[in-house]
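Each chain is listed here by its residues.
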Amino acid sequence: MKQKKVLKAVFPVAGLGTRFLPATKSIPKEIMTLVDRPLIQYAIDEARAAGIKEFIFVTSRGKSALEDYFDVAPELESALRKAGKEQLLEVLKDTNMDSGAIAYIRQNRPQGLGHAVWCARRLIGNEPFAVLLPDDVIAAEKPCLQQMVEAYAETGGNMVAAMEVAPEKASSYGVLDIGNDMGSIVEAKGMVEKPPLGTAPSNLAVIGRYILSPDVLNNLNKIKQGVGGEIQLTDAIAEEIGKGKVYGYRFRGQRYDCGSKAGFLQATVAFGLARPDLRDEFSAYLNDMVALQKAAQ
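Residues numbered from 1 in each chain as written. Predicted model: local features only at pLDDT ≥ 70, side-chain atom pairs only at ≥ 80, totals over all residues. Heavy atoms only, no water.

**Examining the overall build of the protein**
Right, so step 1: A tally of regular secondary structure across the protein gives eleven helices and 13 strands.
Right, so step 2: Against the globule reference of 19 Å for 297 residues, the protein gives a C-alpha radius of gyration of 20 Å, in line with a compact fold.
Right, so step 3: Burial analysis of the protein (297 residues in total) assigns 45% to the buried set.
Right, so step 4: Across the protein, contacts joining residues at least 24 apart in sequence account for 74% of those joining residues at least 6 apart.
Right, so step 5: As displayed, the protein has an accessible area near 15600 Å², and 52% of this comes from carbon and sulfur atoms.
Right, so step 6: Across the protein, 36 positive and 36 negative side-chain charges occur, with their mean positions spaced 4 Å apart. (Helix = DSSP H or I, 4+ residues; strand = E, 2+ residues; numbered from the N terminus. Rg over C-alpha atoms; globule rule 2.2 N^0.38 Å. Buried < 20%, exposed > 50% of the residue type's maximum accessible area, 1.4 Å probe, protein only. Contact = heavy atoms within 4.5 Å. Areas by Shrake-Rupley, 256 points an atom, 1.4 Å probe, with all protein chains shown as cover. Lys, Arg positive; Asp, Glu negative; His and termini not counted. Charge placed at Lys NZ, Arg CZ, Asp CG, Glu CD.)

**Some remarks on the confidence of the model for the protein**
Right, so step 1: Across the protein, the average pLDDT comes to 89, with 97% of residues at 70 or higher.
Right, so step 2: No element of the protein has a lower mean pLDDT than helix α2 (residues 64–69), at 82, and none a higher one than strand β6 (residues 129–132), at 97. (pLDDT = per-residue confidence, 0-100.)

**Focus on the side chain of Glu46**
Right, so step 1: Among the secondary structure elements, Glu46 is positioned in helix α1 (residues 39–49).
Right, so step 2: When residues no more than four places from it in sequence are discounted, the contact partners of Glu46 are Leu132, Pro143, Cys144, Leu145 and Arg209.

**Looking at the pattern of salt bridges**
Right, so step 1: Following the criterion strictly, the structure yields 13 salt bridges and no others.
Right, so step 2: A salt bridge links Glu127 to Lys8, with the nearest nitrogen and oxygen atoms 3.4 Å apart. With Glu127 in the loop between α6 (121–124) and β6 and Lys8 in strand β1 (residues 8–12), this residue pair connects regions lying 119 residues apart in the sequence.
Right, so step 3: When its relative accessible area of 28% is taken as the criterion, Glu127 is described as partly exposed.
Right, so step 4: In this structure, Asp277 engages Arg275 in a salt bridge whose closest nitrogen and oxygen atoms are separated by 2.9 Å.
Right, so step 5: Here Asp277 falls in the exposed class, since its relative accessible area comes to 53%.
Right, so step 6: Three or more residues are tied together by salt bridges with common partners; here these are Asp36, Arg275 and Asp277. (Salt bridge = Lys/Arg side-chain N within 4 Å of Asp/Glu carboxyl O.)

**A short note on the environment of Leu7**
Right, so step 1: Residue position: Leu7 is located in the segment before β1.
Right, so step 2: Using a relative accessible area of 31% as the deciding quantity, one classes Leu7 as partly exposed.
Right, so step 3: Along the sequence, Leu7 and Val192 sit 185 residues apart, while their C-alpha atoms lie 28 Å from each other.

**Concerning the state of the cysteines**
Right, so step 1: Following the criterion strictly, the structure yields zero disulfides and no others.
Right, so step 2: Residue Cys144 stays outside any disulfide, its sulfur separated by 14 Å from that of Cys258, the closest cysteine.
Right, so step 3: By relative accessible area, Cys144 is classed as buried at 0%. (Disulfide = S-S within 2.5 Å.)

**What about the layout of surface pockets?**
Right, so step 1: Taken as a whole, the largest pocket encloses approximately 1300 Å³ of empty space.
Right, so step 2: In this structure, the largest pocket is lined by 42 residues; those nearest its centre are Arg19, Leu113, Leu133, Asp135 and Glu230.
Right, so step 3: Within the residue set of the lining of the largest pocket, elements represented by two or more residues are α5 (113–119), β11 (204–212), α9 (233–238) and β13 (254–257).
Right, so step 4: The element contributing the most residues to the lining of the largest pocket is β11, with four residues.
Right, so step 5: Partitioning the lining of the largest pocket into residue classes produces 15 nonpolar, 14 polar and 13 charged.
Right, so step 6: Taken as a whole, the second largest pocket spans an internal volume of roughly 370 Å³.
Right, so step 7: Considering the residues around the second largest pocket, the lining is formed by 18 residues, among which Gln41, Tyr69, Val91, Leu92 and Thr95 are closest to the centre. (1 Å grid on protein atoms, 1.4 Å probe; cavity = no way out; pocket = protein on both sides within 12 Å on 5 of 7 lines; lining within 4 Å. Points joined across faces, edges and corners; volume = space filled by probe spheres on them. Nonpolar A, V, L, I, M, F, W, Y, C, P; charged D, E, K, R; others polar.)

**With respect to the nonpolar core**
Right, so step 1: Within the largest apolar cluster, 41 residues are counted, with the highest numbers of intra-cluster contacts made by Phe11, Ile40, Phe55, Phe57 and Leu145.
Right, so step 2: Mapped onto this core, the elements with two or more residues apiece are β1, α1, β4 (54–59), β6, α7 (144–155), β8 (158–164), β11 and β12 (246–250).
Right, so step 3: Considering each element in turn, this core owes the most residues, six residues, to α7.
Right, so step 4: If we ignore the near neighbours within four places in the chain, the residues touching Ile40 are Phe11, Val13, Glu30, Ile31, Phe57, Tyr69, Phe70 and Pro134.
Right, so step 5: By size, the runner-up hydrophobic cluster in this structure holds 30 residues, among which are Ile56, Val160, Leu176 and Met191. (Core = buried A, V, L, I, M, F, W, Y, C linked by side-chain atoms within 4.5 Å.)

See the structure below:
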(Lines give C-alpha, C1' and ligand atoms only; values in the text may rest on other atoms or scores of the structure.)
Protein backbone atom coordinates (compact mmCIF):
# COMPACT_ATOMS: atom_id res chain seq x y z
CA MET A 1 0.00 0.00 0.00
CA LYS A 2 1.32 3.43 -0.95
CA GLN A 3 2.05 5.56 2.09
CA LYS A 4 1.03 9.18 2.47
CA LYS A 5 3.96 11.51 1.92
CA VAL A 6 5.53 13.05 5.00
CA LEU A 7 5.28 16.79 4.34
CA LYS A 8 5.06 18.26 7.86
CA ALA A 9 7.72 18.39 10.54
CA VAL A 10 7.63 19.47 14.18
CA PHE A 11 10.67 21.06 15.82
CA PRO A 12 10.37 21.15 19.64
CA VAL A 13 12.48 24.17 20.62
CA ALA A 14 10.81 25.37 23.83
CA GLY A 15 13.53 24.18 26.21
CA LEU A 16 15.42 26.61 28.44
CA GLY A 17 18.86 25.28 27.51
CA THR A 18 20.02 25.32 31.12
CA ARG A 19 23.07 23.15 30.35
CA PHE A 20 24.47 26.06 28.34
CA LEU A 21 23.96 28.85 30.84
CA PRO A 22 24.94 31.66 30.97
CA ALA A 23 24.91 31.83 27.13
CA THR A 24 21.26 30.75 26.95
CA LYS A 25 20.15 33.48 29.33
CA SER A 26 19.63 35.64 26.23
CA ILE A 27 20.37 33.36 23.26
CA PRO A 28 18.11 30.43 22.36
CA LYS A 29 20.22 27.27 22.39
CA GLU A 30 18.96 26.36 18.92
CA ILE A 31 20.72 29.32 17.31
CA MET A 32 24.06 28.65 18.97
CA THR A 33 26.47 28.09 16.10
CA LEU A 34 28.16 24.86 15.12
CA VAL A 35 31.07 26.32 13.13
CA ASP A 36 29.10 29.09 11.34
CA ARG A 37 25.55 27.72 11.18
CA PRO A 38 23.02 27.57 14.02
CA LEU A 39 21.94 24.14 15.25
CA ILE A 40 18.42 24.77 13.95
CA GLN A 41 19.76 25.33 10.42
CA TYR A 42 21.18 21.80 10.33
CA ALA A 43 17.76 20.41 11.30
CA ILE A 44 15.95 22.56 8.72
CA ASP A 45 18.33 21.53 5.95
CA GLU A 46 17.84 17.87 6.86
CA ALA A 47 14.06 18.26 6.78
CA ARG A 48 14.15 20.00 3.41
CA ALA A 49 16.28 17.21 1.95
CA ALA A 50 13.60 14.73 3.11
CA GLY A 51 10.86 16.61 1.23
CA ILE A 52 9.31 18.48 4.17
CA LYS A 53 7.21 21.47 3.07
CA GLU A 54 5.63 22.67 6.33
CA PHE A 55 7.75 23.49 9.37
CA ILE A 56 6.11 23.73 12.80
CA PHE A 57 8.13 25.16 15.69
CA VAL A 58 6.99 24.59 19.26
CA THR A 59 8.53 27.51 21.11
CA SER A 60 8.32 29.35 24.41
CA ARG A 61 8.96 32.81 25.84
CA GLY A 62 12.39 34.19 24.95
CA LYS A 63 12.69 32.52 21.53
CA SER A 64 12.07 35.59 19.36
CA ALA A 65 15.67 35.54 18.08
CA LEU A 66 15.00 32.09 16.63
CA GLU A 67 11.92 33.40 14.80
CA ASP A 68 13.86 36.40 13.47
CA TYR A 69 16.59 34.12 12.15
CA PHE A 70 14.25 32.69 9.49
CA ASP A 71 12.94 36.08 8.40
CA VAL A 72 14.21 38.05 5.42
CA ALA A 73 16.82 40.70 6.30
CA PRO A 74 16.42 43.35 3.54
CA GLU A 75 19.02 45.79 4.92
CA LEU A 76 21.67 43.08 5.28
CA GLU A 77 20.94 41.70 1.81
CA SER A 78 21.09 45.19 0.31
CA ALA A 79 24.45 45.89 1.97
CA LEU A 80 25.90 42.59 0.71
CA ARG A 81 24.58 43.24 -2.80
CA LYS A 82 26.12 46.72 -2.91
CA ALA A 83 29.43 45.27 -1.71
CA GLY A 84 29.32 42.62 -4.43
CA LYS A 85 29.34 39.80 -1.89
CA GLU A 86 27.25 37.41 -3.97
CA GLN A 87 28.60 34.30 -2.24
CA LEU A 88 27.33 35.51 1.14
CA LEU A 89 23.95 36.33 -0.41
CA GLU A 90 23.73 32.71 -1.55
CA VAL A 91 24.51 31.57 2.01
CA LEU A 92 21.63 33.69 3.33
CA LYS A 93 19.12 32.05 0.96
CA ASP A 94 19.10 28.88 3.05
CA THR A 95 18.09 30.88 6.14
CA ASN A 96 14.97 32.37 4.55
CA MET A 97 11.65 30.52 4.73
CA ASP A 98 8.78 31.10 2.32
CA SER A 99 5.74 32.90 3.71
CA GLY A 100 3.30 30.36 5.10
CA ALA A 101 5.85 27.53 5.23
CA ILE A 102 6.69 28.07 8.88
CA ALA A 103 4.45 28.28 11.92
CA TYR A 104 5.11 28.89 15.61
CA ILE A 105 3.15 27.36 18.48
CA ARG A 106 3.78 28.23 22.14
CA GLN A 107 4.29 25.58 24.82
CA ASN A 108 3.38 27.62 27.88
CA ARG A 109 4.97 25.29 30.43
CA PRO A 110 7.64 22.57 30.20
CA GLN A 111 5.89 19.19 30.31
CA GLY A 112 8.10 17.03 28.16
CA LEU A 113 8.60 16.11 24.53
CA GLY A 114 5.22 14.39 24.25
CA HIS A 115 3.44 17.54 25.40
CA ALA A 116 5.46 19.68 22.97
CA VAL A 117 4.39 17.51 20.03
CA TRP A 118 0.78 17.49 21.30
CA CYS A 119 0.80 21.31 21.22
CA ALA A 120 1.15 21.13 17.42
CA ARG A 121 -1.79 18.73 16.93
CA ARG A 122 -4.12 21.18 15.15
CA LEU A 123 -1.48 22.09 12.59
CA ILE A 124 -0.55 18.46 12.01
CA GLY A 125 -4.13 17.33 11.45
CA ASN A 126 -4.69 13.80 10.18
CA GLU A 127 -1.38 13.33 8.39
CA PRO A 128 1.88 11.52 9.09
CA PHE A 129 4.54 13.89 10.37
CA ALA A 130 8.19 14.04 11.32
CA VAL A 131 9.72 15.24 14.58
CA LEU A 132 13.30 16.53 14.63
CA LEU A 133 15.20 17.43 17.79
CA PRO A 134 17.81 20.06 16.84
CA ASP A 135 20.07 18.96 19.73
CA ASP A 136 20.76 15.77 17.77
CA VAL A 137 22.99 16.76 14.86
CA ILE A 138 23.69 13.91 12.45
CA ALA A 139 26.53 13.96 9.95
CA ALA A 140 25.57 11.66 7.09
CA GLU A 141 26.19 11.36 3.36
CA LYS A 142 22.42 11.03 2.90
CA PRO A 143 20.57 13.03 5.59
CA CYS A 144 19.08 10.86 8.33
CA LEU A 145 15.46 11.92 7.86
CA GLN A 146 15.72 11.33 4.12
CA GLN A 147 16.92 7.78 4.83
CA MET A 148 13.93 7.30 7.14
CA VAL A 149 11.39 8.72 4.69
CA GLU A 150 12.61 6.27 2.05
CA ALA A 151 12.31 3.36 4.49
CA TYR A 152 8.89 4.58 5.69
CA ALA A 153 7.61 4.49 2.10
CA GLU A 154 8.04 0.71 2.32
CA THR A 155 6.88 0.07 5.89
CA GLY A 156 4.35 2.74 6.89
CA GLY A 157 3.44 2.74 10.57
CA ASN A 158 5.67 4.68 12.95
CA MET A 159 9.43 4.91 12.73
CA VAL A 160 12.12 6.11 15.14
CA ALA A 161 15.80 6.65 14.46
CA ALA A 162 17.87 4.23 16.50
CA MET A 163 21.52 3.60 17.30
CA GLU A 164 23.52 1.20 19.41
CA VAL A 165 24.74 2.65 22.71
CA ALA A 166 26.93 1.27 25.49
CA PRO A 167 24.72 -0.75 27.91
CA GLU A 168 25.64 1.53 30.82
CA LYS A 169 24.31 4.54 28.87
CA ALA A 170 20.98 2.99 27.89
CA SER A 171 19.30 4.48 30.97
CA SER A 172 19.65 7.95 29.39
CA TYR A 173 17.51 7.06 26.36
CA GLY A 174 14.27 5.57 25.20
CA VAL A 175 15.19 1.95 24.35
CA LEU A 176 13.63 -0.52 21.92
CA ASP A 177 12.62 -4.04 22.82
CA ILE A 178 13.47 -5.71 19.52
CA GLY A 179 11.15 -8.14 17.79
CA ASN A 180 11.98 -8.98 14.19
CA ASP A 181 15.46 -7.67 13.30
CA MET A 182 15.74 -7.02 9.56
CA GLY A 183 19.09 -5.21 9.60
CA SER A 184 18.64 -1.50 9.06
CA ILE A 185 14.98 -1.83 10.09
CA VAL A 186 13.84 -3.53 13.28
CA GLU A 187 10.31 -4.21 14.38
CA ALA A 188 9.74 -3.08 17.97
CA LYS A 189 7.75 -5.20 20.39
CA GLY A 190 8.20 -2.68 23.19
CA MET A 191 9.71 0.68 24.12
CA VAL A 192 10.97 1.81 27.51
CA GLU A 193 11.82 5.40 28.41
CA LYS A 194 15.05 5.74 30.44
CA PRO A 195 15.06 2.23 31.95
CA PRO A 196 16.89 1.84 35.29
CA LEU A 197 20.50 0.73 34.93
CA GLY A 198 20.74 -2.93 33.99
CA THR A 199 17.07 -3.34 33.00
CA ALA A 200 17.13 -2.14 29.37
CA PRO A 201 15.63 -4.68 26.92
CA SER A 202 18.42 -3.93 24.40
CA ASN A 203 21.09 -1.36 23.71
CA LEU A 204 19.23 0.06 20.69
CA ALA A 205 18.41 3.62 21.72
CA VAL A 206 15.94 6.06 20.20
CA ILE A 207 17.41 9.40 19.13
CA GLY A 208 15.82 12.61 17.95
CA ARG A 209 14.24 11.72 14.60
CA TYR A 210 10.72 10.32 14.29
CA ILE A 211 8.10 9.67 11.62
CA LEU A 212 4.74 9.30 13.32
CA SER A 213 1.13 8.62 12.48
CA PRO A 214 -1.63 10.97 13.72
CA ASP A 215 -2.75 8.12 16.02
CA VAL A 216 0.18 9.06 18.26
CA LEU A 217 -1.50 12.44 18.82
CA ASN A 218 -4.66 10.66 19.96
CA ASN A 219 -2.56 8.68 22.42
CA LEU A 220 -1.04 11.90 23.73
CA ASN A 221 -4.56 13.18 24.45
CA LYS A 222 -4.99 10.38 26.99
CA ILE A 223 -1.50 9.78 28.29
CA LYS A 224 -0.45 10.65 31.82
CA GLN A 225 2.84 11.90 33.15
CA GLY A 226 5.64 9.36 32.86
CA VAL A 227 9.35 9.28 33.71
CA GLY A 228 10.52 12.55 35.27
CA GLY A 229 6.98 13.81 35.71
CA GLU A 230 6.79 14.62 31.98
CA ILE A 231 4.51 13.48 29.17
CA GLN A 232 6.78 11.13 27.24
CA LEU A 233 6.53 10.81 23.47
CA THR A 234 7.98 7.30 23.82
CA ASP A 235 4.93 6.21 25.84
CA ALA A 236 2.55 7.47 23.14
CA ILE A 237 4.49 5.65 20.42
CA ALA A 238 4.60 2.46 22.50
CA GLU A 239 0.78 2.50 22.55
CA GLU A 240 0.87 1.83 18.80
CA ILE A 241 2.91 -1.37 19.10
CA GLY A 242 -0.16 -3.44 19.91
CA LYS A 243 -2.28 -1.82 17.18
CA GLY A 244 0.08 -1.59 14.23
CA LYS A 245 3.72 -1.38 13.41
CA VAL A 246 6.47 0.53 15.16
CA TYR A 247 9.92 0.33 13.63
CA GLY A 248 13.40 1.36 14.63
CA TYR A 249 15.69 2.51 11.84
CA ARG A 250 19.45 2.08 12.16
CA PHE A 251 20.53 5.18 10.26
CA ARG A 252 23.84 5.55 8.49
CA GLY A 253 25.76 8.46 9.95
CA GLN A 254 27.36 9.93 13.07
CA ARG A 255 25.14 11.47 15.71
CA TYR A 256 26.37 14.24 17.99
CA ASP A 257 24.53 15.16 21.18
CA CYS A 258 24.75 18.94 20.94
CA GLY A 259 22.52 19.25 24.00
CA SER A 260 25.63 18.50 26.06
CA LYS A 261 28.76 20.62 26.20
CA ALA A 262 31.05 17.69 25.41
CA GLY A 263 28.90 16.65 22.44
CA PHE A 264 28.75 20.21 21.15
CA LEU A 265 32.54 20.48 21.28
CA GLN A 266 32.96 17.09 19.57
CA ALA A 267 30.62 18.19 16.78
CA THR A 268 32.47 21.48 16.40
CA VAL A 269 35.76 19.63 15.88
CA ALA A 270 34.23 17.08 13.49
CA PHE A 271 32.38 19.65 11.37
CA GLY A 272 35.37 22.00 11.39
CA LEU A 273 37.66 19.26 10.10
CA ALA A 274 35.09 18.36 7.41
CA ARG A 275 35.22 21.88 5.97
CA PRO A 276 37.76 22.27 3.11
CA ASP A 277 38.20 25.98 3.92
CA LEU A 278 39.07 25.25 7.57
CA ARG A 279 40.55 21.76 7.58
CA ASP A 280 44.26 22.48 7.10
CA GLU A 281 44.58 25.36 9.56
CA PHE A 282 42.31 23.76 12.16
CA SER A 283 43.97 20.35 11.90
CA ALA A 284 47.43 21.91 12.33
CA TYR A 285 46.21 23.73 15.45
CA LEU A 286 44.75 20.55 16.95
CA ASN A 287 47.96 18.65 16.27
CA ASP A 288 49.95 21.42 17.99
CA MET A 289 47.61 21.26 20.99
CA VAL A 290 48.03 17.49 21.29
CA ALA A 291 51.81 17.85 21.08
CA LEU A 292 51.81 20.51 23.79
CA GLN A 293 49.68 18.33 26.08
CA LYS A 294 52.00 15.36 25.60
CA ALA A 295 55.03 17.53 26.34
CA ALA A 296 53.37 18.86 29.49
CA GLN A 297 52.80 15.31 30.75
